[in-house]
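# Residue-level structure breakdown
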Amino acid sequence: MKIKPFLFIFVTYSVLIAFLNQGLAQNKKVNVALGTKVQASSELTEYPASNIVDGKITRESKWMSATNKAPHIVEIDFEKYCNISEIRFHSGIPDDERTAMEKNQASGFWSVKNFKIQYWDDANWTDFPKASVLENRLTTVDFKFENPISTFKIRLVADDGEKISVMEMEVFGTVATDMPAPPSFEFNIVKQVEITEDQNATLKVTNNVIGKTFKYVGYNQGYFLPGYNVSGWLEYANVNSIRIWPNLNNYAPERAVQIDSSIRSVEEFDKRKADLRSNPEASKYIKWNELKTIYTAIDYSSNNTMELDYAIKESKRLGIEPILQINSRDFDGTWSNKWQQWQRYYSLAYHVAKTAEVAMFAMQNEPNHRHSGPMELNQWIGGMQIVSDAVHAAIEDVNKKYSKNLKAKFVGPVTAGQNTDWWATIVKNIRTDYHGNTLDHDLIDVFSTHSYNSPAAGYSTRVDNIRKILVENHPKKKPIPIVFTEIGRWMNAYLIDKEETMDSPSLFTEWAGIYANNMKNGAYGMWAFKLVTNTSSSYPKGIKSGHHYTWQGTRFVEDAHQNLAKNATVSASSNGSKAGLITDGDKTDDSSWISNEDSKEKWLEIDLGNTQELGSALVYNGSEGGVFTAPDRIRNFKLQYWTGSNWENIPEAEQKDNKYAQVYLPFKKNIKASKIRFVSEDEGTLKVREIKLFDKNALPSDLPNYNISGIQRTGEVVRLFAKGFKDERDLLQVYRSNDDNGLDTYVSLDEKTDTYYMWLVQRGRFAYHLDMDLSNLDLNTGAPIIGETVDAKTYGEVSILKQLPADKKFNITLLPQSVTLLSIPKGNLTKEIRSVISDAYVSAGANGIKNYGNKKELLISLNAQNIYENKVSYLSFNAPKDKTKIKKVLLHVTGKVDTGDSPFRLHVYAIPSEKINEKKLTWKNAPQLDAKEALVENVGNPVKIAGELAFSTEEKSHYLDVTDIISKNNLEAVTFVLVRETRQLGDDEDKGRTVIIKSKESEIKPNLEVWSEK
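Residues numbered from 1 in each chain as written. Predicted model: local features only at pLDDT ≥ 70, side-chain atom pairs only at ≥ 80, totals over all residues. Heavy atoms only, no water.

- For the protein, an unreviewed UniProt entry supplies the name Discoidin domain-containing protein and the organism Aestuariibaculum suncheonense.
- Regarding the protein, the UniProt comment filed under Subcellular location (unreviewed entry) reads as follows: "Secreted". (UniProt positions renumbered as here; feature names shortened; annotations may be inferred.)

## Focus on the overall build of the protein
- When you go through the protein residue by residue, the secondary structure sums to 14 helices and 47 strands.
- Here the C-alpha radius of gyration of the protein, 32 Å, is about what a compact globule of 1014 residues would show, namely 31 Å.
- Structurally, the protein occupies a C-alpha span of about 130 × 80 × 75 Å along its principal axes.
- Contacts in the protein between residues at least 24 apart in sequence constitute 79% of all its contacts with a sequence separation of at least 6.
- Here the protein has roughly 40800 Å² of accessible surface; of this, 46% comes from carbon and sulfur atoms.
- Mean positive and mean negative side-chain charge positions of the protein (125 and 131 charges, respectively) differ by 3 Å. (Helix = DSSP H or I, 4+ residues; strand = E, 2+ residues; numbered from the N terminus. Rg over C-alpha atoms; globule rule 2.2 N^0.38 Å. Contact = heavy atoms within 4.5 Å. Areas by Shrake-Rupley, 256 points an atom, 1.4 Å probe, with all protein chains shown as cover. Lys, Arg positive; Asp, Glu negative; His and termini not counted. Charge placed at Lys NZ, Arg CZ, Asp CG, Glu CD.)

## Remarks on the packing of helix H6 (residues 308-317) against helix H7 (residues 335-356)
- Two elements in contact, H6 and H7, have axes separated by 9 Å at closest approach and are oriented at 45°. The angle between H6 and H7 places the two elements in the oblique class. Seen from above, H6 lies across H7 with right-handed handedness. Here Leu308, Asp309, Ile312, Lys313 and Lys316 of H6 lie close against H7, whose contacting residues are Leu348, His351, Val352, Thr355 and Ala356. (Axes fitted to C-alpha atoms, helices over the stretch in contact; angles between N-to-C directions. Parallel < 35°, antiparallel > 145°, perpendicular 65-115°, else oblique. Left-handed = near helix turned anticlockwise from the far one by under 90°.)

## As for the environment of Gly609
- Residue placement: Gly609 occurs in strand E23 (residues 602-621).
- Here Gly609 falls in the exposed class, since its relative accessible area comes to 62%.
- Note: C-alpha distance between Gly609 and Asn521 (88 residues apart in sequence) is 66 Å. (Buried < 20%, exposed > 50% of the residue type's maximum accessible area, 1.4 Å probe, protein only.)

## Some details on helix H5 (residues 288-295)
- The set of residues buried in H5 consists of Trp288, Leu291, Ile294 and Tyr295. Projection of H5 onto a plane perpendicular to its axis shows the buried side chains occupying an angular sector of 115°, all on one side. Away from its buried face, by an angle of more than 90 degrees, H5 presents the exposed residues Asn289 and Thr293.
- Of the surrounding secondary structure, the elements contacted by the buried residues of H5 are helix H3 (248-251), strand E13 (306-307), H6 and H7. (Arc of directions from axis to C-beta.)

## Some thoughts on the sheet that holds strand E10 (residues 216-220)
- Read around the closed barrel, 8 strands run E10-E11-E14-E15-E16-E17-E18-E19, paired in parallel fashion. Neighbour-to-neighbour, the strand axes of the sheet open up by a mean angle of 25°, direction not taken into account.
- Sheet analysis places strand E17 (residues 446-452) next to strand E18 (residues 482-488), joined by 6 bridges and oriented parallel. Residue pairing in the sheet places Tyr452 in a bridge with Gly488 of E18.
- Sitting on the sheet, H6 touches strand E11 (241-244) and strand E14 (321-326), and the angle it makes with E11 is about 170°. (Pairing = 2+ DSSP bridges.)

## Quick look at the side chain of His90
- Mapped onto the elements of the fold, His90 is located in strand E4 (residues 72-91).
- Given the relative accessible area of 5%, His90 is considered buried.
- Residue contacts for His90: discarding those within four places in its chain leaves Ile57, Thr139, Thr140, Val166, Met167, Glu168 and Glu170.

## Section: the environment of Leu960
- Along the chain, the position of Leu960 falls in strand E44 (residues 956-961).
- Given the relative accessible area of 4%, Leu960 is considered buried.
- Spatially, the C-alpha atoms of Leu960 and Val414 are 38 Å apart, while their sequence positions differ by 546 residues.
- If sequence neighbours within four positions are ignored, Leu960 has contacts with Glu797, Val798, Val889, Leu890, Leu891, Val908, Ala946, Gly947, Glu948 and Leu949.

## A closer look at the UniProt feature "domain: F5/8 type C" (unreviewed entry) in the protein
- Following the UniProt record, one finds the feature "domain: F5/8 type C" (unreviewed entry) at residues 17-174 and 557-696.
- Helix makes up 0% of residues 557-696 and strand 49%, whereas the separation of the span's terminal C-alpha atoms amounts to 15 Å.

## Notes on the packing of helix H12 (residues 505-520) against helix H13 (residues 713-725)
- Between H12 and H13, whose axes approach to 8 Å, the crossing angle comes to 25°. One way to sum up the angle between H12 and H13 is to call them roughly parallel. Viewed along their axes, H12 and H13 form a crossing whose handedness is right-handed. Touching Leu507, Phe508, Trp511, Ala512, Tyr515 and Met519 of H12 are Arg713, Thr714, Val717, Val718, Phe721 and Phe725, all from H13.
- Looking at the contact of H12 with H13 residue by residue, the class counts come to 10 nonpolar, 1 polar and 1 charged. (Nonpolar A, V, L, I, M, F, W, Y, C, P; charged D, E, K, R; others polar.)

## Brief notes about the sheet that holds strand E45 (residues 973-979)
- The strand order E38-E40-E45-E42-E43 describes an open sheet built from 5 strands, whose pairing is antiparallel. With one partner strand each, in any of the chains shown, strand E38 (838-843) and strand E43 (944-951) form the two edges of the open sheet. Along the sheet, successive strands turn relative to each other by an average axial angle of 20°, direction set aside.
- Bridging between strand E40 (residues 871-878) and E45 involves 6 bridges; their strand directions are antiparallel. In the strand pairing of E45, Leu875 is matched with Phe976.
- Along the sheet, helix H2 (residues 230-237) contacts strand E42 (904-912) and E43; its crossing angle with E43, the most-contacted strand, is approximately 70°.

## Things to note about the packing of aromatic side chains
- Under the defined criterion, the tally for this structure stands at 43 aromatic pairs.
- Centre to centre, the rings of Phe214 and Tyr515 are 6.3 Å apart; their planes meet at 55°, and the pair counts as tilted. Taken as a pair, Phe214 in the loop between strand E9 (199-212) and E10 and Tyr515 in helix H12 lie far apart in primary sequence, 301 residues in all.
- A relative accessible area of 0% means that Phe214 is categorised as buried. (Phe/Tyr/Trp six-rings, centres within 6.5 Å; stacked < 30°, edge-to-face > 60°.)

## Re the pattern of salt bridges
- Counting across every chain of the model gives 52 salt bridges.
- Of the charged contacts in the structure, one is a salt bridge between Lys273 and Asp389, with a shortest N-O distance of 3.0 Å. A residue pair is termed long-range when its members are at least 10 positions apart, and Lys273 in helix H4 (residues 266-278) and Asp389 in helix H8 (residues 377-402) qualify at 116 residues.
- Residue Lys273 is classed as buried on the basis of its relative accessible area, which comes to 11%.
- Across the pair Asp497 and Arg633 runs a salt bridge whose closest N-O atoms are separated by 2.6 Å. Here Asp497, found in the loop between helix H11 (492-495) and H12, pairs with Arg633, found in the loop between E23 and strand E24 (637-642); they are 136 residues apart in sequence, far enough to count as distant.
- By relative accessible area, which is 5% here, Arg633 ends up buried.
- Bridged by salt links that share partners, the residues Glu716, Arg719, Lys723, Glu788, Lys888 and Asp961 form one connected network. (Salt bridge = Lys/Arg side-chain N within 4 Å of Asp/Glu carboxyl O.)

## Focus: the nonpolar core
- With 185 residues, the main nonpolar core has Leu234, Trp380, Trp759 and Tyr874 as its most contacted residues.
- If one sorts the elements of this core by residue count, H8 sits on top with 12 residues.
- Counting residues in hydrophobic clusters, the runner-up holds 32 residues, among them Trp63, Ile87, Phe115 and Met169. (Core = buried A, V, L, I, M, F, W, Y, C linked by side-chain atoms within 4.5 Å.)

## Let's talk about the environment of Thr438
- For Thr438, the position within the fold is in the loop between helix H9 (420-428) and E17.
- Spatially, the C-alpha atom of Thr438 lies 46 Å from that of Phe172, the residues being 266 residues apart in sequence.

What follows is the structure in structure tokens.
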């Protein structure tokens, strides 16, 4: 058969096209993960892991983990080798699918925050290049790889400490046709299950030193002013460093140094620098007389209101080493600018070193952050060369003139989040000075970065990863001390939209674990953000992430004033039958008005019955769980008053982008009205729990108030960790029978006090029973074992008290979601019981002149609305004469609260060298007590903070470690004051409750338990 030519050509062409199409198909980038095999460490039945590769990017088709516990892992098996060039990771909720409330959340609120993507390299799991993300704020993260990576399976590893959801992982690449079929591979992911039953573990501690504790355990400054109690709370916190924020423009203004645009060379720069340093205090360059007045003036211009000289001198008195965070972005690379900036940083460093021996400095906070300029990387490096030289020169000159031995520390680059490119480039330049010469030392003495939004598990290797980058890029391949000058479980923008608070067990146990994991990896220190709930431009009524409550300049106790709206008639735009709940005096969720979601304008109208002259209002909105913030708070609202003919807005009561669940609104001008209206046009359903209205005289004091009003549980965690794990103490080896990453067990030895400390953190929702073996430690039989605990019911008081048996083995139980610091002193010790020598309670108001010294019970209560019910108790003891032998002192009282399910938490203060006369003590003559309120005065000096006790309705013993108060103060006697103080404006949770403690007239007397060397 003869084939016609045209037919042959057609067939050949068709085969060629088919061949080419097949080749193109094989080389076309497609989503190779679509429909492949998937397995996860956990999954909810309704949101299985298979949804991650179904091609649907929607919240309706996602994978969600079934547990909070990290790591969360998903493996995708392509079952064939593929060349991967791009991965698109979709998590959280798409913008167009968010509800009205969800649209108000901070960017990235719902997204997976911390994760990495790895590939199987035929032997190990290896990170994709630059596919590790921290503090993610995007719904879609796109990773592109310049050189495609060949593998047949990949995985996601996320260490968020909460349930996560991933909508899709798109994996683009081509099938590797030149590769054989991969080996059969079984998934071997460790399944994460929610443990509910109690667990057991055995711990054996040895004398082997495996590392060091932190050098620094510190805080970021809040308010720091004379006349307030901040220094008292800092002393109580046990921290040994504080990050103080003097802005360069305020404390070294340009007008106070020489500005000369004619300086155009390094030679002229060096000439003037040498001239200044030859006689720093009498040079023609720095105007010291002008600067001296600035150092002692109060600076109200920043979020951290302070008086610089007071702050640094108080820090020195307390043995707290400051790091000065001196912000300036003014580095333009010219020699005139370099000379100006050198003088400014030098002058400030010189002054604080001379005045209070401050020697640690940092420049420009978070220079890579968009809100910080940002600075260009080369600009920052140029600034580093100038500033590091300036502060080192200043310290050297102070040492020379005043015979000091200070060691300068320049801390940098204080970056925001993970920025490995910055870190690598900066460290490559760490030994190049402003001349361009190579140095024999580093310009940065301590490497610093910042971190938020990671749980404890997120820090399991964080410091090691940073150290690897630094060593690889250092000119001499040397490690540098690594610190976090800012760190927090959550940044405030996320925390305000959570029901979690700094008191929540889920949060404070993660805090404790963050300390543990960073210490394990050799971090040099951490400065917790932030000391107090101070205000800022973004958070005008205070940040939620402060570890202590503060009055933010204005002290207003709502319960002390009459609520003119109480039981007033209320009408509403919808759900009118519930409208009256907003004036019933009950701020709980059970007593709230909830609007419908259809109305554009939602309103509540309060009829006061007659015209009142109003001076302020208070609006409780959203749910009560977040204390002063709530996820479902109302973002935009206003208050109006009825003029008699129309509704007028109250200017100070118009809220836009409101961040708070309790909103106090003082009016600039008094409002005369018989009706007040609440109005909001926010979408969705709105919740209002209570609206209070106050008359014109119910106003805060004209005097500013920056006192700390109380501590949150995270603050107690910071205190306990600092107590046991600062100052580079030896870390000892602990052998444990399991490897649960939700349980932390670390031991240090403080050679100054001859005390072993054990850090025991239990993040699970179950109890841990621990068998402890300390037989290798240098401890004597009978030594006290003292465990201070923070959990759902306690705030750092002693919850474990026993003596070491002869075999040095004992058992303890860690309660669910708890943090415990065990203290066990060395030495041949003896115990002495010192009974109270005099005690009494006092009562306010008309009872202020009455004496209650003969009662068998001591009472503590708070009712700001009715001061007659305010009661404060005093207990006096003689102190041991020989304080050099004291190892431990515990204050012991026995008591309960009369009613209620929640713990009744009170403050315990100590007045050194004070001894009361219980037969004459009254409120009127009680030492260090406010004339009207249940409020202790002069906290910090002379009054010391001893701690907190929390009482339940079960009568039992309560102990507080007061060792430092007794041993570090030259006193013959001490008086303890037990008081329930108001912590924030809406604090009325213990009204109507009374703590009852056995007095010395009872069978169970208060006492001091004193352990001393024989």
